[in-house]
Amino acid sequence: MTLQEKKKRENIHINRTAAAREICDVIKNQVKERFCFISHYSAVSLFEAPKFQEYEKKFPTQILDQTTDVYSMLQKDRLKTELGVIYRRSHFRNMTGAINLLQFIIENNLQTTFSEAYKLLLIIVTIPMTTAEAERCFSTLKRLKTFLRSTMSEDGLSALAMLSIEKRMIKDIPKFNENVIDLFASEKTDELI
């Protein structure tokens, strides 16, 4: 191999290395940009019941700060007080997630007592934490809006999609199907009269 061929191979190697570094930098920057707004995830950890005893002893001030920075409409001091009460009360420790805690607050009419925690819980259960929720909605719509149902109204499609997406919650409602059938039948009867 001649000296000129060796230099050519070295230059190719150097160029490939430089190109690979550039590609890695681009990927790294895109990943940083894509996942830069993940601080809203920290709010969820404020309501993890298994951590309540730990939080009672050492309040998660850093997580609270991150949460109130992201959701500036929340009153930080009041939220801290409400969370302190939630962490100390034993009946809150049996909750398995934000939805159950929210349901408990609503069922016991504690929305005004825990107003800031209530607001934060509403945000947490409303905003999907990942894109999987949106993807699930689209795949549900794909199953529902078939060729045979192409003339379905938007309201009907939305209602069917919601029923399909939230089917686990609907299974927990006693006699849901019977109640819907009775309601539908009574509306049809009223139209005939």
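Residues numbered from 1 in each chain as written. Predicted model: local features only at pLDDT ≥ 70, side-chain atom pairs only at ≥ 80, totals over all residues. Heavy atoms only, no water.

If you check an unreviewed UniProt entry, the protein chain appears there as HAT C-terminal dimerisation domain-containing protein from Araneus ventricosus.

The next point concerns the overall build of the protein chain. Regarding its fold elements, the protein chain presents 11 helices and 0 strands. The N-to-C order of helical and strand elements in the protein chain reads α-α-α-α-α-α-α-α-α-α-α. Out of the 193 residues belonging to the protein chain, those deemed buried represent 24%. Of all intrachain contacts in the protein chain linking residues separated by at least 6 positions in sequence, the fraction that spans at least 24 positions is 58%. For the protein chain, the exposed area adds up to about 14800 Å²; of that, 57% sits on carbon and sulfur atoms. (Helix = DSSP H or I, 4+ residues; strand = E, 2+ residues; numbered from the N terminus. Buried < 20%, exposed > 50% of the residue type's maximum accessible area, 1.4 Å probe, protein only. Contact = heavy atoms within 4.5 Å. Areas by Shrake-Rupley, 256 points an atom, 1.4 Å probe, with all protein chains shown as cover.)

Looking now at the nonpolar core. Ranked by internal contacts, the top residues of the largest apolar core, which has 30 residues, are Phe 47, Leu 83, Ile 86, Tyr 87 and Leu 120. When residues of this core are traced back to their parent elements, those giving at least two are α3 (52-57), α4 (61-70), α5 (76-88), α6 (98-107) and α7 (115-126). A per-element tally of this core places α7 first, with 6 residues. Excluding anything up to four places from it in sequence, Tyr 87 contacts Leu 46, Phe 52, Tyr 55, Glu 56, Phe 59, Pro 60 and Arg 93. (Core = buried A, V, L, I, M, F, W, Y, C linked by side-chain atoms within 4.5 Å.)

As a packed pair, α4 and α5 sit with axes 11 Å apart at the nearest point and diverge in direction by 135 degrees. Taken as axis vectors, α4 and α5 run oblique relative to one another. Judged by the sense of rotation from one axis to the other, the crossing of α4 with α5 is right-handed. Touching Leu 64, Asp 65 and Thr 68 of α4 are Lys 76, Leu 79, Lys 80 and Leu 83, all from α5. Of the residues that constitute the contact of α4 with α5, the class distribution is 3 nonpolar, 1 polar and 3 charged. (Axes fitted to C-alpha atoms, helices over the stretch in contact; angles between N-to-C directions. Parallel < 35°, antiparallel > 145°, perpendicular 65-115°, else oblique. Left-handed = near helix turned anticlockwise from the far one by under 90°. Nonpolar A, V, L, I, M, F, W, Y, C, P; charged D, E, K, R; others polar.)

An ideal rise of 1.5 Å per residue puts 16 Å on 12 residues; helix α9 (residues 154-165) measures up with 16 Å between its terminal C-alpha atoms. Among all positions in α9, only Leu 157, Ala 161, Ser 164 and Ile 165 are buried. Relative to the axis of α9, the buried residues are bounded by an arc of 95 degrees and lie together on one face. (Expected span 1.5 Å × (residues − 1). Arc of directions from axis to C-beta.)

Attention shifts here to α6. Of all the positions in α6, only Ala 98, Leu 101, Leu 102, Phe 104 and Ile 105 are classed as buried. For α6, the buried positions fall inside an angular range of 160 degrees around the axis, keeping them on one side. Facing away from the buried side of α6 by over 90 degrees, the exposed positions are Ile 99 and Glu 107. Packed against the buried residues of α6 are α7.

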